[in-house]
Amino acid sequence: NDDGMTPTEREQWLRDHGVQIESSADRRKADSALSGTYRPPSIIEQVQSLSLSSDAAAGENGVKFVYLPHDTSKPIQTVCLPSRLVEALGSAGDIIPTYVKSFFADGRYIDEKIFKDQAAKQNLLGGDMEKFAANAKKEKLGSVSEEEPAATAAEDEEKKTRLSSSSLMNATAEGSVETFPLVRPSKTNKNEGVYIYLDEVGMLKHLSLNTRASQLAQQCGYHPAPNFYGDVFVGRVSSKPMLHNIDIQSGDIMDTTKEWIKRAPHENVLWQQAVNEATGRSGETQPNHAGTEGVAAEATGNDGCSYSWLQNEEEVELTVPLIDGDGDETVNKRLIKVSFLPQKVVVKYNSECKVEVELYSKIDVDGCTWTLDKKNLVITCEKARDGEIWPRLELSG
């Protein structure tokens, strides 16, 4: 019962229990600590310096954390949370999100089609559409006059989507950080947790899949492994005596024999059991992506006909009906022409283009085949990058 707490006491209690709160005072402190003549290097400057030095954290005072690029040809390296920022925001809990958010303010375009798909599912890469509801509501109220006629349900839904999309772009313009718990602080791990920090809208920006981050999550007991998009960071916190950042270095996440990695699967199970018991509901699971888990996703071809597709981490499969209806007409194999390009598939039957789809990501043309199943053409394409689950089939809507 927090009825007797002052707002300041309530805020501190939430921080001490691992709840991230960024107040206007915190933002002012951060701006002051990261500006001026003797300001510490920004996270962007640290990452840029990695190409010149094997250790951007060398010679820097502060808390160590890890830069994990999506490009597997680049090494996993240690960076530093500047001591000046730590001293300024030491009581603000986990301050890595404050420091790294500028890294994700890259000005990349957000894919409207994927946004609408995710909005319809009320799922944004582990985030929540409600996060932007307040902004969307304000924008909507400010743009509707009393004289306007009442909108239909479809128009109203479309307007909400547009407003939410606009609010999302505004809210993430300066960088938006999502934290993913590899393991949470508990008594069994000395109250130390390890988190991934990622671009909250990385999928909407078409950032590349970070397979090493997914593998790390899998080692910590997440099955199936979550998808992470773009470069990410990994940091460690301690919740005692109050939440604060502590050191973690590249070797701590690259060495799978580290004690925290070995204990993480069991600790995550215990945490989920505790949540289930407290809430009286079953644990939440990773959302399924389109075309996965053996459930076909629907798409529309060039002539308006529907076809379906499936995917796993290695392949994508398209099933295209060549002849409509249940009549006796049979498919003539000699009239089938399938063209495989690095990021496009074209299907023609009897010189008529049935499907021409520019794919979300690249395929291995030499690993693509097709077979005939009665009246359906079944196309199998090997993905150019193993382990990549596409959020949808097409590159753009």
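Analysis parameters
- Residues numbered from 1 in each chain as written.
- Predicted model: local features only at pLDDT ≥ 70, side-chain atom pairs only at ≥ 80, totals over all residues.
- Heavy atoms only, no water.
- Helix = DSSP H or I, 4+ residues; strand = E, 2+ residues; numbered from the N terminus.
- Buried < 20%, exposed > 50% of the residue type's maximum accessible area, 1.4 Å probe, protein only.
- Polar contact = N/O pair within 3.5 Å; in protein donor to acceptor, adjacent residues only side chain to side chain.
- Pairing = 2+ DSSP bridges.
- Axes fitted to C-alpha atoms, helices over the stretch in contact; angles between N-to-C directions.
- Phe/Tyr/Trp six-rings, centres within 6.5 Å; stacked < 30°, edge-to-face > 60°.
- Lys NZ or Arg CZ within 6 Å of the ring centre and 35° of its normal.
- Core = buried A, V, L, I, M, F, W, Y, C linked by side-chain atoms within 4.5 Å.
- Contact = heavy atoms within 4.5 Å.

**Some points on the side chain of D199**
With respect to the element layout, D199 can be found in strand β4 (residues 192–199). Judged by its relative accessible area of 1%, D199 is buried. Side-chain polar atoms of D199 contact the backbone nitrogen of V201, separated by 3.0 Å.

**Thoughts on the sheet that holds strand β9 (residues 315–321)**
Sheet architecture is open: five strands sit in the order β7-β8-β9-β14-β13, paired in antiparallel fashion. One side of each edge strand has no neighbouring strand; the edge strands of this open sheet are β7 (297–300) and β13 (363–373). Here the strands of the sheet are splayed against their neighbours by 25 degrees on average, with no regard to which way each runs. The pairing of strand β8 (residues 306–311) with β9 spans four bridges and is antiparallel. Within β9, the position partnered with Q311 by the bridge is V316.

**Looking at the packing of aromatic side chains**
A complete count under the given rule lists 10 aromatic pairs for this structure. Note on F65 and F233: the rings are 5.8 Å apart at their centroids and 55 degrees apart in plane angle, and the pair reads as tilted. Of this pair, F65 sits in strand β1 (residues 62–68) while F233 is found in strand β5 (residues 232–238), placing the two residues 168 residues apart along the sequence. Centroid distance Y360 to W390: 6.5 Å. Interplanar angle 45 degrees. Geometry classified as tilted. Here Y360, found in the loop between β12 (352–358) and β13, pairs with W390, found in the segment after β14 (376–383); they are 30 residues apart in sequence, far enough to count as distant. Of the two residues examined, Y360 and W390, each falls in the buried class. A network of ring pairs unites the aromatic residues F65, Y67, Y99, F103, F104 and F233 as a single cluster. Sitting over the face of the ring of W271, R184 holds its NZ or CZ atom 3.4 Å from the ring centroid.

**A short note on unusual backbone geometry**
Of note, the bond from K240 into P241 is cis; its omega dihedral lies within 30 degrees of zero at -5 degrees. You can see P241 is positioned in the loop between β5 and β6 (244–246). The backbone phi angle of N350 is positive, close to 55 degrees, even though this residue is not glycine.

**Focus on the sheet that holds strand β11 (residues 344–349)**
Here three strands make up an open sheet; going across it, the order is β10-β11-β12 and the pairing antiparallel. The outermost strands of the open sheet, each flanked by one partner alone, are β10 (336–341) and β12. Mean inter-strand twist for the sheet, computed between neighbouring axes without regard to direction, equals 10 degrees. Relative to β11, β10 runs antiparallel, the two being bridged by six bridges. In the strand pairing of β11, L341 is matched with K344.

**Focus on the nonpolar core**
F65, L182, F233 and V234 are the most contacted members of the largest nonpolar core, which totals 44 residues. Here L182 is in contact with V194, Y195, I196, L216, A217, C220, Y222, V234, W260, A264 and N268, once residues within four sequence places are set aside. Within the second largest apolar cluster, 28 residues are counted, among which are V316, I336, V357 and L377.

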